[in-house]
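Chain residues, written in single-letter form:
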Amino acid sequence: MINVAFVCLGNICRSPMAELVFKNMVKEHGLSAYFNVTSFGTSDEEEGNPIYPPAKKTLILHGIPGSHTAKQLAFADVKNNDYILVMDSGNLIDVLRLAGWQYSSRVYKLCSFTENPRDVSDPYYSRNFEKAFSDIEDGCKGFLNFIVKEKNLPYEYGDN
């Protein structure tokens with residue numbers, strides 16, 4: 001089982017969107033049995049809250065099902081996941097500090113797996129949930145292609 005955690009600040013917009021997008025991708029490619037996918041926030045301020053309504057609406061418009069309740073990332077979550085995929089540079093620093101830099105080889109920016117490495121746009125401030133979705137989808141596709149090659153999973157990767 002490959003344990004993957006997506007992380008943003010509050011766990012109500014970007015990281016739950018990424019969690020649900022990635023779960024949908026692996027399901028579409030028959031790979032769900034290989035993955036345990038979750039998401040967290042580096043802050044506790046949204047803990048217990050559902051996905052932010054505009055983020056949920058964006059997922060629905062793209063045919064992505066699912067729900068999520070926000071939770072804060074703990075040291076054990078970093079330790080117990082094979083890949084921690086953060087949304088931006090601030091999240092990266094927060095996760096590395098939490099883990100005491102001990103598990104830095106597991107922490108990546110999601111869009112570092114794309115042809116255009118960047119931070120995932122933060123829709124909470126920009127209000128551009130489509131841009132965030134596009135960044136997340138691009139990052140998830142890149143990560144899936146990476147992990148399929150890395151773990152030699154039975155999936156024909158490419159532009160899917």
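Just above sits the structure.
Residues numbered from 1 in each chain as written. Predicted model: local features only at pLDDT ≥ 70, side-chain atom pairs only at ≥ 80, totals over all residues. Heavy atoms only, no water.

## Examining the pairing of strand β3 (residues 83-86)
No. 1: On β3, burial covers both faces: Tyr83 and Leu85 on one face and Ile84 and Val86 on the other are all buried.
No. 2: In this structure, β3 lies alongside strand β4 (residues 107-109), joined through three bridges in parallel fashion. In the sheet register, leucine 85 faces β4, and the bridge partner there is tyrosine 108.
No. 3: Where the polypeptide runs from β3 across helix α4 (residues 89-98) and back to β4, its parallel neighbour, the crossover connection is right-handed. (Buried < 20%, exposed > 50% of the residue type's maximum accessible area, 1.4 Å probe, protein only. Helix = DSSP H or I, 4+ residues; strand = E, 2+ residues; numbered from the N terminus. Pairing = 2+ DSSP bridges. Right-handed = clockwise from strand over helix to strand, strands pointing away.)

## A closer look at the environment of valine 78
No. 1: Take valine 78: it is sitting in helix α3 (residues 75-80).
No. 2: In the structure, valine 78 is positioned 28 residues away from arginine 106 in sequence and 8.1 Å away in space, judged by C-alpha atoms.
No. 3: Not counting chain neighbours up to four residues away, the residues in contact with valine 78 comprise Leu73, Ile84, Val95, Leu98, Ala99, Tyr103 and Arg106. (Contact = heavy atoms within 4.5 Å.)

## Concerning the pairing of strand β1 (residues 2-8)
Working note: regular strand, side chains alternate between the two faces of the sheet.
No. 1: Burial analysis of β1 places seven of its seven residues in the buried class, the great majority of the element.
No. 2: Bridge count for β1 against strand β2 (residues 35-41) is seven bridges, and the pairing is parallel. Opposite phenylalanine 6, over in β2, you have serine 39 as the bridge partner.
No. 3: Since β1 and β2 lie parallel, the crossover through helix α1 (residues 14-28) that links them has a hand, and here it is right-handed.
No. 4: Across four bridges, β1 lies against β3 in parallel orientation. Within β3, the position partnered with phenylalanine 6 by the bridge is leucine 85.

## Focus: the sheet that holds β4
No. 1: Here we have four strands laid out as an open sheet, ordered β2-β1-β3-β4, and parallel in their pairing. Each end of this open sheet is capped by a strand with a single partner; those strands are β2 and β4. Across the sheet, the mean angle from the axis of one strand to that of its neighbour is 25°, orientation sign disregarded.
No. 2: Sheet strands touched by α1: β1 and β2. Its angle to β2, the strand with the most contacts, is close to 170°.
No. 3: Sheet strands in contact with helix α6 (residues 129-151) are β1, β2 and β3, and its direction is about 160° off that of β3. (Axes fitted to C-alpha atoms, helices over the stretch in contact; angles between N-to-C directions.)

## With respect to the packing of aromatic side chains
Here a ring pair, both rings aromatic, is described through the centre-centre distance and the interplanar angle of the planes.
No. 1: Following the criterion strictly, the structure yields 14 aromatic pairs and no others.
No. 2: A network of ring pairs unites the aromatic residues Phe6, Phe22, Phe35, Tyr83, Tyr108, Phe113, Phe143 and Phe146 as a single cluster.
No. 3: In this structure, lysine 71 packs its charged tip against the face of phenylalanine 40, placed 5.2 Å from the ring centre. (Phe/Tyr/Trp six-rings, centres within 6.5 Å; stacked < 30°, edge-to-face > 60°. Lys NZ or Arg CZ within 6 Å of the ring centre and 35° of its normal.)

## So, the side chain of asparagine 24
No. 1: Inspection of the secondary structure assignment puts asparagine 24 in helix α1.
No. 2: Beyond its immediate stretch of four places on either side in the chain, asparagine 24 contacts Ile64 and Pro65.

## Observations regarding the pattern of salt bridges
No. 1: A full pass over the atoms with the stated rule returns seven salt bridges.
No. 2: Between aspartate 122 and arginine 14 there is a salt bridge; the shortest N-O distance is 3.5 Å. Here arginine 14 lies in helix α1 and aspartate 122 lies in the loop between β4 and α5 (123-126), a separation of 108 residues in the sequence.
No. 3: A relative accessible area of 2% means that arginine 14 is categorised as buried.
No. 4: For aspartate 138, the salt bridge identified is with arginine 118, shortest N-O distance 2.9 Å. Placement of aspartate 138 in helix α6 and of arginine 118 in the loop between β4 and α5 is noted, with a sequence separation of 20 residues between them.
No. 5: Take aspartate 138: its relative accessible area is 32%, and that puts it in the partly exposed class.
No. 6: By relative accessible area, which is 18% here, arginine 118 ends up buried.
No. 7: A single network of salt bridges, built from pairs that share partners, joins Arg118, Lys131, Asp135 and Asp138. (Salt bridge = Lys/Arg side-chain N within 4 Å of Asp/Glu carboxyl O.)

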